[in-house]
Amino acid sequence: MISVSPKFMATDAGQLFTLHFQPQHPPRALIIHIPAYGEEMNRMRHICLQQGEMFAREGYYCISIDLYGTGDSSGELADATWAVWKAGVISVINSVNPQRNLKTILWGTRLGGLLAADVANSEPDDCDALLLWQPVTAGRAYMTQVLRQRVAKLVDRGEKPETTKEIRENLAAGQNVEVGGYVLGGKLVAEIDQVELLNMPALKGKALHWVERSITAGGAATLARTRVDEYLRASGNAVEIVELDFPPLWELPRRADMSQLLASTTALPLA
Amino acid sequence: MPQSLSLAIEIICASLQLSRPEVDITANTPLMGAFPDFNSLTIMSIVNAIEEQLGCEIEDEELTAELFESFGTVAAFIDSKLS
């Protein structure tokens, strides 16, 4: 029998809400789940819960974290920073695995994948392997997509649309900006803009398990992923790519069958 | 079929939730105004998908009505991003 229990953990990034999926026997490794951003997180939550349970049944101790200012954790998103998010993840690892007796796998979904990689890059000793689900590879391009939601909303309302450049200027001037129901602060956006998977030298040698949805016929890799893949392999990383045909669950308002994604992820040799 | 047109069709059909075998698409197939569901959210979805597929960033200034005239104009845009 596995156990699933919610806990508020006191961390360097405030009280963070965490869900603990614990195996029946002493765990074979620790998996820390870092979720996606905004609505993507909400849409992926149920599938991540299922994955956490499956990991626990395979003997892993999995902890899913709500980052500062998101989900049920303390703080406001407008006050969140990338550095605070990273500090929260590291605090949780320090708390549950202080002696580093357990291998630690950082499992990041979408923007959480970029954050996981950045934590591993900053604190290489805190991460033995990365599991990335459709990770964001370039923070700036991703935030532009997020900010475009505001532009599209203004267009649909018939209001004068701002450009993403103007939104960034407003953020840089200290304004908070509401995008898709979430109030963003300038510091977080500016920090995310700077983060790129192609610029993480300390990932050298880490095992990466990269699960990606294929939208092109025949399952061809995206050019974006191919570029990052080449960079990581050239840096000496063992990169395992899993191309699967599954719906874009981070965009879906309703649940879809993700059994292939769950089964393929559970079967990965993470530890 | 050129790779860029094939990719444009894949991305646009996914964004409009069209089943490819049900529609016969060429470079001349019109886009904006031809599909009732084609709106600003569709444009956002197409632009995001192109960025994710190519690993590029598309500036606001590049998003013009002409770009979304037909499947062929989107394919030509993808070509310009690949070069």
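Residues numbered from 1 in each chain as written. Chains lettered and ligands numbered in written order. Predicted model: local features only at pLDDT ≥ 70, side-chain atom pairs only at ≥ 80, totals over all residues.

**Description of the domain arrangement of chain A**
Residue and element names in this part refer to chain A.
Stage number 1. Domain parsing of chain A yields domain 1 (3-136 + 197-266) and domain 2 (139-195).
Stage number 2. Every contact between the two is made by 13 residues of domain 1 and, on the other side, 13 residues of domain 2.
Stage number 3. In terms of residue count, helix α3 (residues 111-122) provides more of the side of domain 1 that touches domain 2 than any other element does, three residues in total.
Stage number 4. A class-by-class count of the residues in the side of domain 1 that touches domain 2 yields eight nonpolar, two polar and three charged. (Domains from an automatic or database assignment. Contact = placed C-beta atoms within 7 Å. Helix = DSSP H or I, 4+ residues; strand = E, 2+ residues; numbered from the N terminus. Nonpolar A, V, L, I, M, F, W, Y, C, P; charged D, E, K, R; others polar.)

**What to know about the pairing of strand β3 (residues 29-34) of chain A**
The side chains of a regular strand alternate between both faces of the sheet.
Residue and element names in this part refer to chain A.
Stage number 1. Judged by how many residues are buried, β3 sits mostly within the fold: five of six residues are covered.
Stage number 2. Pairing geometry for β3 and strand β4 (residues 60-65), over five bridges, is parallel. Bridge pairing in β4 places Ile31 opposite Cys62.
Stage number 3. A crossover connection joins β3 to the parallel β4 through helix α1 (residues 38-57); in handedness this β-α-β unit is right-handed. (Buried ≥ 20, exposed ≤ 12 C-beta atoms within 10 Å, placed from the backbone. Pairing = 2+ DSSP bridges. Right-handed = clockwise from strand over helix to strand, strands pointing away.)

**Quick look at the interface of chain B and chain A**
Stage number 1. Facing 15 residues of chain B, the contacting portion of chain A comprises 20 residues.
Stage number 2. For the side of chain B that touches chain A, the secondary-structure elements that each account for two or more residues are α1 (3-16) and α2 (40-54) of chain B.
Stage number 3. It is α2 of chain B that contributes the most residues to the side of chain B that touches chain A, eight residues altogether.
Stage number 4. Among the residues forming the side of chain B that touches chain A, the class breakdown is five nonpolar, five polar and five charged.

**Digging into unusual backbone geometry**
Residues and elements named next belong to chain A.
Stage number 1. Phi angles above zero are rare outside glycine, and Arg110 is one such case at about 55 degrees.
Stage number 2. With respect to the element layout, Arg110 can be found in the loop between β5 (104-109) and α3.
Stage number 3. Positive phi, close to 40 degrees, is recorded for Gln134, a residue that is not glycine.
Stage number 4. Checked against the element boundaries, Gln134 lands in the loop between β6 (129-133) and α4 (139-156).
Stage number 5. Owing to 24 C-beta atoms within 10 Å, Gln134 belongs among the buried residues under this scheme.

**Regarding the pairing of strand β2 (residues 14-22) of chain A**
Residues and elements named next belong to chain A.
Stage number 1. Examined bridge by bridge, strand β1 (residues 3-11) and β2 share nine bridges and lie antiparallel to one another. Within the sheet, the bridge partner assigned to Ala10 lies in β2 and is Gln15.
Stage number 2. Judged from the four bridges that link them, β2 and β4 form a sheet pairing that is antiparallel. Among the inter-strand pairings, Thr18 is bridged to a residue of β4, identified as Ile65.

**Some details on the sheet that holds β4 of chain A**
Residue and element names in this part refer to chain A.
Stage number 1. Strand order in this open sheet of eight strands is β1-β2-β4-β3-β5-β6-β9-β10, and the pairing throughout is mixed. Looking at which strands have only one partner, the edges of the open sheet turn out to be β1 and β10 (238-244). Shown here is a sheet whose adjacent strand axes are inclined to one another by a mean of 20 degrees, direction ignored.
Stage number 2. By the bridge criterion, five bridges tie β3 to β5 in an arrangement that is parallel. What sits directly across from His33, in β5, is Trp107. (Axes fitted to C-alpha atoms, helices over the stretch in contact; angles between N-to-C directions.)

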